[in-house]
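Commentary on secondary and tertiary structure
One letter stands for each residue in the lines below.
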Amino acid sequence: MKRDKVKLNVLMIIVVLLIIGLPFTLAFFTVQTNSSFSSFLIQSSIEEFRPDIKININGTVNEAANYTRNISCSTGATPYWNRKWDSLVFSNVADEEEVCGLTYTQDTSNHDSALLSTVVQNNAIDESFILQDFTIVADVTNSLVNPTQFHYSSATATSGTSLLVWSLNANNEYESDPSLMTYNGGRYYHIYAGVPESGNYRICYTISSGSSSVNNGLYIAINGTTKYSILSSTSEEKSGCYDFYSLTTSDYINISVRKYNASAVVPVMKFRIERANNNTAYNPGYRYEGTNPDNYIWFNNEMWRIIGLVPTCTSANCATSQNLVKIIRNDSIGGIVFDDVTYGAGTGFWGNNSLYTLLNNYYWGKQDGTFTNNCYAYSNSARGKCDYGDIGLQSNDYYGSMVENVYWNIGSASSNQNVQYAYASEIQTQTVQGHIGVMNVSDYGYASSNQTVILQNYDFTSVTLANWLYKYSFEWTMTNKDNKDQAVQAISESGSILVNSSSNNINFGYQVRPVVYLSPNVYVVSGTGTEADPYMVAK
């Protein structure tokens with residue numbers, strides 16, 4: 001249907017009010033359309049639920065009350081509100097002149113469809129899992145069977161001439177000595193070891209800075225098949241862990257490094273093998289995952305999306321917690337810096353940065369933060385929209401009253417881990433309280449239907465096809481990397497987790513989408529969660 005072929009006239013401009021009681025009729029309107037068309041749109045500010053009513057009827061209509069909207073048409077046209085188009089849509093229009101009446105009725109019913117229950121019952125995935133609590137084995141050599149060192153032309157070789165490049169340091173880590181490594185074409189330096197007993201294992205590593213190359217790094221193989229490689233960086237040290245998960249005594253671990261040319265600066269490699277000693281349950285709740293799940297919610301008169309039903313700290317030190325619905329604004333509020341800093345003065349810790357202040361003192365409170373230092377920074381004067389008088393939230397608003405003031409997960413995580421370990425790291429610290437945040441790295445990871453991928457290895461294929469949270473080329477998260485100053489993490493252009501390791505990145509204007517937790521007494525009053533029919537909620 002082409003909208004230029006639709007002729008629409010609002011004929012009745014007299015508002016008819018009933019002096020006593022509800023429901024009350026607000027308006028009648030008549031539409032005229034070419035009879036060849038079966039549907040048309042009315043662009044309007046009509047709200048499907050709880051319009052902005054300010055009418056005196058022997059007193060003031062209760063603005064805080066909930067209202068349902070009903071539209072009935074004289075010859076059977078079917079109206080519904082399409083939030084994607086922000087329009088009232090009529091189908092089955094059979095008459096050239098259709099007369100419809102619009103009424104609002106105060107809703108006094110007792111709702112029994114809690115939003116948190118709807119999330120669980122809908123398509124959100126229960127992400128409960130058992131995370132192994134690993135411990136460093138007292139004597140690393142005891143966790144490996146007959147470790148053997150050798151050099152060989154194959155990255156997966158299990159035999160060769162012995163050459164001692166690795167040694168145990170004071171921290172019971174295997175540490176390489178680059179001075180003992182020579183360039184000899186395809187020579188790799190290996191350490192090979194069997195598994196002493198069946199169980200869950202992982203490797204934790206540190207790689208110093210060195211020459212940058214696709215061939216300069218640490219290679220990890222299981223049973224001769226390369227599973228993971230970590231390349232060195234010319235500017236920073238890299239560290240993290242990689243999970244082998246369940247191994248048996250018939251498996252073997254192979255760790256390899258190489259000097260890829262005569263002039264290469266080979267980094268110092270350190271690693272240790274860790275073995276699980278008990279089980280600890282970490283439950284990240286129910287999460288929506290995949291390309292485009294039905295998790296749309298109409299909130300603050302705009303489209304948001306539901307991240308999931310997430311365990312949340314509601315008091316200091318997480319003395320009390322509750323499963324709350326976590327939602328994210330569908331669209332960015334603009335390119336805003338993480339911290340207003342000049343070079344060398346930044347911090348990557350949430351709660352001690354200008355973005356936290358902007359969101360919790362200006363976006364929350366519907367204030368204008370345009371002319372504060374929170375709106376832009378040293379390396380980026382192209383600020384986003386920071387006047388939140390129209391799009392912000394505050395406690396005495398209809399929607400603002402639904403937002404909980406919580407303690408956010410701000411523990412540091414590594415992008416070299418999968419999402420389960422990122423979440424386990426984030427929940428180690430909940431010291432910052434606030435109404436507004438942005439997504440965590442783990443939120444982003446759990447939104448993917450492929451959660452085995454290391455976060456820094458996400459790419460267009462695994463993200464755009466399998467992760468509904470990927471929307472912008474560069475977008476801030478609130479997760480710090482490895483508890484380091486300035487090492488805040490963001491979503492990169494390719495969809496991988498990018499580590500911003502200097503203030504030259506922290507004061508770039510990446511996209512920001514506010515995130516809030518909703519009160520447990522928020523209810524669904526209509527909608528199916530699709531983009532055209534999002535959940536409509538009330539408190």
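Thresholds, definitions, all that
Residues numbered from 1 in each chain as written. Predicted model: local features only at pLDDT ≥ 70, side-chain atom pairs only at ≥ 80, totals over all residues. Heavy atoms only, no water. Helix = DSSP H or I, 4+ residues; strand = E, 2+ residues; numbered from the N terminus. Contact = heavy atoms within 4.5 Å. Areas by Shrake-Rupley, 256 points an atom, 1.4 Å probe, with all protein chains shown as cover. Buried < 20%, exposed > 50% of the residue type's maximum accessible area, 1.4 Å probe, protein only. Pairing = 2+ DSSP bridges. Core = buried A, V, L, I, M, F, W, Y, C linked by side-chain atoms within 4.5 Å. Disulfide = S-S within 2.5 Å. Salt bridge = Lys/Arg side-chain N within 4 Å of Asp/Glu carboxyl O. pLDDT = per-residue confidence, 0-100. Phe/Tyr/Trp six-rings, centres within 6.5 Å; stacked < 30°, edge-to-face > 60°.

Along its length, the protein carries 6 helices and 32 strands. Restricting the contact set of the protein to residue pairs at least 6 apart, pairs at least 24 apart contribute 70%. Here the protein has roughly 22,700 Å² of accessible surface; of this, 46% comes from carbon and sulfur atoms.

The next point concerns the pairing of strand 26 (residues 475–480). Within strand 26, 6 of the 6 residues are buried, leaving the element largely enclosed by the surrounding structure. Alternating residues of strand 26 divide into Glu475, Thr477 and Thr479 and Trp476, Met478 and Asn480, and every residue in both groups is buried. Inspection of the sheet shows strand 26 paired to strand 27 (residues 488–491) by 3 bridges, in the antiparallel sense. Note that in strand 27 the partner of glutamate 475 across the bridge is isoleucine 491.

Let's shift gears to the nonpolar core. Among the nonpolar cores identified, the biggest contains 76 residues, and Leu115, Phe299, Trp350 and Leu518 are the most heavily contacted of them. Of the residues forming this core, the biggest block, 6 residues, is contributed by strand 21 (residues 302–313). Discounting chain neighbours no more than four positions away, the residues touching leucine 115 are Ile297, Ile306, Val325, Leu518, Val522, Tyr523, Val524 and Val537. The next biggest cluster of nonpolar side chains, apart from the first, holds 27 residues, and it includes Ile191, Ile207, Ile255 and Met269.

Attention now goes to the state of the cysteines. Taken as a whole and judged by the stated rule, the model has 2 disulfides. Shown here is the disulfide that connects cysteine 313 with cysteine 318, its sulfur atoms set 2.1 Å apart. Since a negative S-S torsion denotes a left-handed disulfide, the cysteine 313-cysteine 318 link at about -85° is left-handed. With relative accessibility at 4%, the residue cysteine 313 sits in the buried group. According to the relative accessible area criterion, cysteine 318 is partly exposed, its value standing at 28%. Two residues share a disulfide in this structure: cysteine 375 and cysteine 386, whose sulfurs sit 2.1 Å from each other. Every disulfide takes its handedness from the sign of the S-S torsion; for cysteine 375 and cysteine 386 that torsion is 90°, giving right-handed. Of this pair, cysteine 375 sits in the loop between helix 2 (354–363) and strand 24 (406–408) while cysteine 386 sits in the loop between helix 2 and strand 24, placing them 11 residues apart in sequence. Each member of the pair, cysteine 375 as well as cysteine 386, carries the same accessibility label: buried.

By the definition in use, this model includes 7 salt bridges. The partner of lysine 366 in a salt bridge is aspartate 397, with the nearest N and O atoms 3.2 Å apart. Placement of lysine 366 in the loop between helix 2 and strand 24 and of aspartate 397 in the loop between helix 2 and strand 24 is noted, with a sequence separation of 31 residues between them. Between arginine 513 and glutamate 475 there is a salt bridge, with the nearest N and O atoms lying 2.9 Å from each other. Remark: glutamate 475 occurs in strand 26 and arginine 513 occurs in the loop between strand 29 (510–511) and strand 30 (515–518); sequence separation between them is 38 residues. When salt bridges with common partners are traced through the structure, they connect Arg287, Lys326 and Asp443 into a single cluster.

Attention now goes to unusual backbone geometry. A positive phi angle, near 60°, is found at asparagine 301, a position not held by glycine. Of the residues examined, asparagine 301 reaches a relative accessible area of 45% and is grouped as partly exposed. Positioned with a positive phi, lysine 366 is a non-glycine residue whose angle comes to about 55°.

Here we come to the confidence of the model for the protein. Looking at the protein, pLDDT values average 75 and 71% of them are 70 or higher. The least confident element of the protein is strand 2 (residues 40–43), whose mean pLDDT is 38; the most confident is strand 30, at 98. Taken together, the stretch residues 1–65 has pLDDT below 50 and engages in 142 contacts with residues farther than four places along the chain or on a different chain.

Our next topic: the packing of aromatic side chains. Taken as a whole and judged by the stated rule, the model has 16 aromatic pairs. Ring plane angle 70° and centroid distance 5.3 Å describe the contact between phenylalanine 299 and tyrosine 399, whose orientation is recorded as edge-to-face. Note that phenylalanine 299 is positioned in strand 20 (residues 296–299) and tyrosine 399 in the loop between helix 2 and strand 24, a separation of 100 residues in sequence. Both residues of the pair, phenylalanine 299 and tyrosine 399, count as buried.

Here we come to helix 2. Most of helix 2 sits inside the fold, with 7 of its 10 residues counted as buried. Within the span of helix 2, buried status applies to Ser354, Leu355, Tyr356, Leu358, Leu359, Asn360 and Tyr363. Residues of helix 2 that are buried in the fold lie against strand 21, strand 22 (321–329), strand 23 (335–336), strand 25 (432–434) and strand 26. Trailing helix 2 by a residue or two, glycine 365 shows a phi angle of about 115°, which is positive.

Let us now look at the side chain of glutamine 489. Summarising the element assignment, glutamine 489 is placed in strand 27. The class for glutamine 489 is buried, based on a relative accessible area of 0%.

This brings us to the pairing of strand 20. Of the two faces of strand 20, the one holding Tyr296 and Trp298 and the one holding Ile297 and Phe299 are both buried throughout. Note that strand 20 and strand 21 share 4 bridges and pair antiparallel. Among the inter-strand pairings, phenylalanine 299 is bridged to a residue of strand 21, identified as glutamate 302. If you look at the hairpin formed by strand 20 and strand 21, you'll find 2 residues sitting between the two strands, and asparagine 300 has a positive phi there, around 60°. Summarising the sheet, strand 20 and strand 32 (residues 535–538) pair through 2 bridges and their orientation is parallel. When the sheet's bridge partners are listed, tryptophan 298 is paired in strand 32 with methionine 536.

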